[in-house]
Amino acid sequence: PDAVLVHEGERVIEASGPLGRLLARPAHTLVGERLADLVVPADRARVVAHLAEGDETPIEASLVADAGAAAVPCELHPRTLVADGGVARLVVVRD
């Protein structure tokens, strides 16, 4: 299964089990994290700008795994979700 997260603004509100396994940490610990903090510093500004613009094209970046684990190179596939007047972003993460 794909690794998936959902964020509103800069905070993760949902994270799938496969994403947790990919980042070597329980998925529930990702909820509430700033999305930017999940991206390695070298890729952070580029990814944040891409997502903030609402761009839905895939973008390559490395994500921060749990302490002691190597960064994980991935392809992020963002999509905008609109429901009940609110906007969130779904990001499918493929390694």
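Structure's up top.
Cut-off values and rules
- Residues numbered from 1 in each chain as written.
- Predicted model: local features only at pLDDT ≥ 70, side-chain atom pairs only at ≥ 80, totals over all residues.
- Heavy atoms only, no water.
- Pairing = 2+ DSSP bridges.
- Helix = DSSP H or I, 4+ residues; strand = E, 2+ residues; numbered from the N terminus.
- Axes fitted to C-alpha atoms, helices over the stretch in contact; angles between N-to-C directions.

A. Examining the sheet that holds strand E5 (residues 86-94) more closely. With respect to topology, five strands assemble into an open sheet ordered E2-E1-E5-E4-E3, the strand pairing being antiparallel. Edge positions in the sheet fall to strand E2 (11-15) and strand E3 (59-63), since each of these pairs with one other strand and no more. Neighbour-to-neighbour, the strand axes of the sheet open up by a mean angle of 40 degrees, direction not taken into account. Note that strand E4 (residues 72-83) and E5 share nine bridges and pair antiparallel. Paired with Leu-76 across the two strands is Val-93, which belongs to E5.

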